[in-house]
Amino acid sequence: MNRRKTLKVLSTLPLLSTLGFGKALCIGDIGLSTGTLPEVFVLGDSISIHYGPYLERLLSGWARYSRKQAETINGLKVGANGGNSKLALDYLKLKLADPAFKPDVVLLNFGLHDIKREVPVNQFQVSIQDYRRHLRESIALLFDRNIGVVWVSITPVVDEIHNSRVTAFKRFSADVDTYNAAADQLCASLNVPIVDLFTFTSQLPERPETKYIDNVHYNENTRILQASYIAGYLQCLFGRESL
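Model, not experiment: these values are computed from the prediction.

About the criteria used
- Along each chain, residues carry numbers from 1 onward, in the same order as the chain's sequence is written.
- Two thresholds apply to this predicted model, a pLDDT of at least 70 for residue-level local features and 80 or more for giving and counting side-chain atom pairs, whereas whole-chain, interface and lining totals are computed over all residues.
- Hydrogen atoms and water are omitted, and side-chain values are computed over all heavy atoms in the structure.
- Basic side-chain nitrogens of Lys or Arg form a salt bridge, by our definition, when they fall within 4 Å of a carboxyl oxygen of Asp or Glu.
- Every helix listed is a DSSP run of H or I at least four residues long, and every strand listed is a run of E at least two residues long, numbered separately from the N terminus.
- The buried label goes to any residue with under 20% of its type's maximum accessible area, the exposed label to any with over 50%, and the partly exposed label to all in between, with areas taken from a 1.4 Å probe on protein chains only.
- Only Phe, Tyr and Trp rings are paired, with Trp represented by its six-membered ring, and only when their centres lie within 6.5 Å; those with planes under 30 degrees apart are stacked, over 60 edge-to-face, the remainder tilted.
- Definition used: whenever NZ (Lys) or CZ (Arg) falls within 6 Å of the ring centre and also within 35 degrees of the ring normal, the charge is taken to sit over that ring.

K.L.:
Can you lay out the pattern of salt bridges for me, pointing to particular residues and giving the numbers?
P.N.:
One pass over the structure, following the stated rule, counts 6 salt bridges. Across the pair Lys86 and Asp90 runs a salt bridge, and its minimum N-O distance is 2.8 Å. Here Lys86 and its partner Asp90 are both found in helix 3 (residues 85-96), 4 residues apart, which amounts to about one turn of the helix. Of the residues examined, Lys86 reaches a relative accessible area of 38% and is grouped as partly exposed. Between Asp175 and Arg117 there is a salt bridge, with the nearest N and O atoms lying 2.8 Å from each other. Taken together, the residues span a long stretch of sequence, with Asp175 in helix 6 (residues 173-189) and Arg117 in strand 8 (residues 117-118) at a distance of 58 residues.

The structure is reproduced here in structure tokens:
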């Protein structure tokens, strides 16, 4: 029988101090399989697709990396992009119907699609109420299967950059703040660890004009740093002393 243990971790991330971001707390309960490398499964939008290869490399040797892929599940074709919170929840329901889907930890990282305001109606793709409900349901489904959950916050939007480069829809920094606050409050109430990728990315010293390669996506250097930040968080969550 594959036993599972629970780690209760409260530690600092040495990686962050080396990057000049001070100390960050890593708090949470994660069930890990004993006798094998823990599996980290990423369910997120294109931001997670971009930092994913670097995260996989950083986890090598002490955790197994996997993520949502383009595949056919029960005759339904799905893509690698997790999309909005409703699509992520629907995907989880499909995957969890398969008993073989049993990662140790799922990283949830979505929201940029939810906050889209379609032009000209100015309506969110997913309302804040539905966003909160979808996230709660996703976490509950994973908890029911004894799978650990880590929430990764929505990354920053710079209004002037985004809305000058895209005309079909708008995104606003204030909406990122609102949706992140809702997710943070929910995750804190459920003792779900939070990787504050928003603050980390915001504090990177590179100018936004060069940090962004389009409306919301980042250059390679930023993706590497984001992956390093997440890996450092998982490092302390899993009780690892070094990467």
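K.L.:
Summarise the packing of aromatic side chains; cite the residues concerned and give the values.
P.N.:
Per the stated rule, a full pass over the model turns up 8 aromatic pairs. With centroids separated by 5.9 Å and ring planes inclined at 75 degrees, the aromatic side chains of Trp62 and Phe238 adopt a geometry described as edge-to-face. With Trp62 in the loop between helix 2 (46-59) and strand 4 (64-67) and Phe238 in the segment after helix 9 (220-237), this residue pair connects regions lying 176 residues apart in the sequence. A single burial state applies to Trp62 and to Phe238, both of which are buried. Their ring planes at 75 degrees and their centres at 5.4 Å tell us that Phe110 and Trp151 sit as a pair that is edge-to-face. Highlighted residues: Phe110 in the loop between strand 7 (105-109) and strand 8 and Trp151 in strand 10 (residues 148-152), separated in sequence by 41 residues. For the pair Phe110 and Trp151, a shared accessibility class is recorded, and that class is buried. The structure contains a cluster of three or more aromatic residues connected by ring pairs, namely Phe110, Phe124, Tyr131, Trp151 and Tyr179. Just above the ring of Phe169 sits the side chain of Lys116; from NZ or CZ to the centre is 4.4 Å.

Nothing here speaks to function; it is all geometry.
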